[in-house]
Amino acid sequence: AQKVTQAQTEISVVEKEDVTLDCVYETRDTTYYLFWYKQPPSGELVFLIRRNSFDEQNEISGRYSWNFQKSTSSFNFTITASQVVDSAVYFCALSEGGYSTLTFGKGTMLLVSP
Amino acid sequence: GAVVSQHPSWVICKSGTSVKIECRSLDFQATTMFWYRQFPKQSLMLMATSNEGSKATYEQGVEKDKFLINHASLTLSTLTVTSAHPEDSSFYICSARDSPQETQYFGPGTRLLVL
């Protein structure tokens, strides 16, 4: 069975600090996809990144970066120089085989204060 | 690209009435759409998978006669909450899967309050 664990329930930082959100997953499949979504207070889930199990390259997009390590089954998300607008709940999710449903972690609430 | 709309964004209704929520993929075709429910400060709970032209697949514990799903076209799925009761009050979110990208894109959600 697939499982996603986001151990950090809530993180509070001050603006401009770097912050890392942890995600650990479990799956028996060799082919799977990992995702990060952002849910701001408005409620809409915003897609941030998709990574397939065969691509372990880290990715950077502006202030966002992702570290995928199959050896530790982790897919961590780092925000550099955090801003107040980064305040949201962030969900990590897993899909096995590409055409199955998403399994979400419980989410990490990030609070960035001025 | 990959925009999903959901309507209405807010609905307040009396107990016993039915409420229909629409989910549309605006710039791509979605063979498969999903309906989720989210309680405050909790993660998303998958209710059902909606496939165009066929019956929806419901998750365990979700009443299919209570939550009617129709996926009549490649860009539209509807969720009807029949005979709504206060315990059905929640945040309902749909998603549409962009198959080539293997990615679900989410609508803005519908907040339902049943009085």
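Our subject is the structure listed above.
Rules used throughout
Residues numbered from 1 in each chain as written. Chains lettered and ligands numbered in written order. Predicted model: local features only at pLDDT ≥ 70, side-chain atom pairs only at ≥ 80, totals over all residues. Heavy atoms only, no water. 1 Å grid on protein atoms, 1.4 Å probe; cavity = no way out; pocket = protein on both sides within 12 Å on 5 of 7 lines; lining within 4 Å. Points joined across faces, edges and corners; volume = space filled by probe spheres on them. Helix = DSSP H or I, 4+ residues; strand = E, 2+ residues; numbered from the N terminus. Nonpolar A, V, L, I, M, F, W, Y, C, P; charged D, E, K, R; others polar. Pairing = 2+ DSSP bridges. Axes fitted to C-alpha atoms, helices over the stretch in contact; angles between N-to-C directions. Contact = heavy atoms within 4.5 Å. Buried area = accessible area lost by both parts, 1.4 Å probe. Salt bridge = Lys/Arg side-chain N within 4 Å of Asp/Glu carboxyl O. Polar contact = N/O pair within 3.5 Å; in protein donor to acceptor, adjacent residues only side chain to side chain.

1. Side note on the layout of surface pockets
No. 1: Approximately 700 Å³ is the volume attributed to the largest pocket.
No. 2: Lining the largest pocket are 30 residues, and of these A:Val89, A:Met109, B:Pro40, B:Lys41 and B:Gln42 lie nearest its centre.
No. 3: For the lining of the largest pocket, the secondary structure elements donating two or more residues are strand S10 (88-96) and strand S12 (108-113) of chain A together with strand S9 (90-98) and strand S11 (110-114) of chain B.
No. 4: Ranked by residue count, the leading element in the lining of the largest pocket is S12(A), at 4 residues.
No. 5: For the lining of the largest pocket, a count of residues per class yields 14 nonpolar, 12 polar and 4 charged.
No. 6: Here the second largest pocket defines a volume of roughly 260 Å³.
No. 7: Residue lining of the second largest pocket: 18 residues in total, with B:Met45, B:Leu46, B:Gln60, B:Gly61 and B:Val62 positioned closest to the centre.
No. 8: Put simply, the parts of the chain that give the lining of the second largest pocket at least two residues each are strand S11 (102-104) of chain A together with strand S5 (44-51) of chain B.

2. Here we look at the sheet that holds strand S1 (residues 4-7) of chain B
Adjacent strands of a sheet form backbone hydrogen bonds with each other and so pair up, either parallel or antiparallel.
Residues and elements named next belong to chain B.
No. 1: Pairing within the open sheet is antiparallel, and its 4 strands lie in the order S1-S3-S8-S7. Strand pairing shows two members of the sheet lacking a second neighbour, S1 and strand S7 (67-73), which therefore form its edges. Averaged over all pairs of adjacent strands, the angle between their axes in this sheet comes to 15 degrees, without regard to strand direction.
No. 2: As defined by bridge partners, strand S3 (residues 19-25) adjoins strand S8 (residues 76-81) across 6 bridges and the pair is classed as antiparallel. Bridge pairing links Glu 22 to Thr 78 in S8.

3. A look at the interface of chain B and chain A
No. 1: Each partner contributes residues to the interface: chain B has 21 residues there, and chain A has 20 residues.
No. 2: Both sides together, the interface formed by chain B and chain A hides about 1600 Å², and carbon and sulfur atoms give 54% of it.
No. 3: Seen at the junction of chain B and chain A, the total is 0 salt bridges.
No. 4: Put simply, chain B and chain A have 4 residue pairs in polar contact (both at pLDDT 80 or more) between them.
No. 5: Every element with two or more residues in the side of chain B that touches chain A is listed here: strand S4 (32-38), S5, S9 and strand S10 (103-106) of chain B.
No. 6: Looking at the side of chain B that touches chain A, the element that brings in the most residues is S10(B), giving 4 residues.
No. 7: In terms of residue class, the side of chain B that touches chain A is made up of 9 nonpolar, 9 polar and 3 charged.

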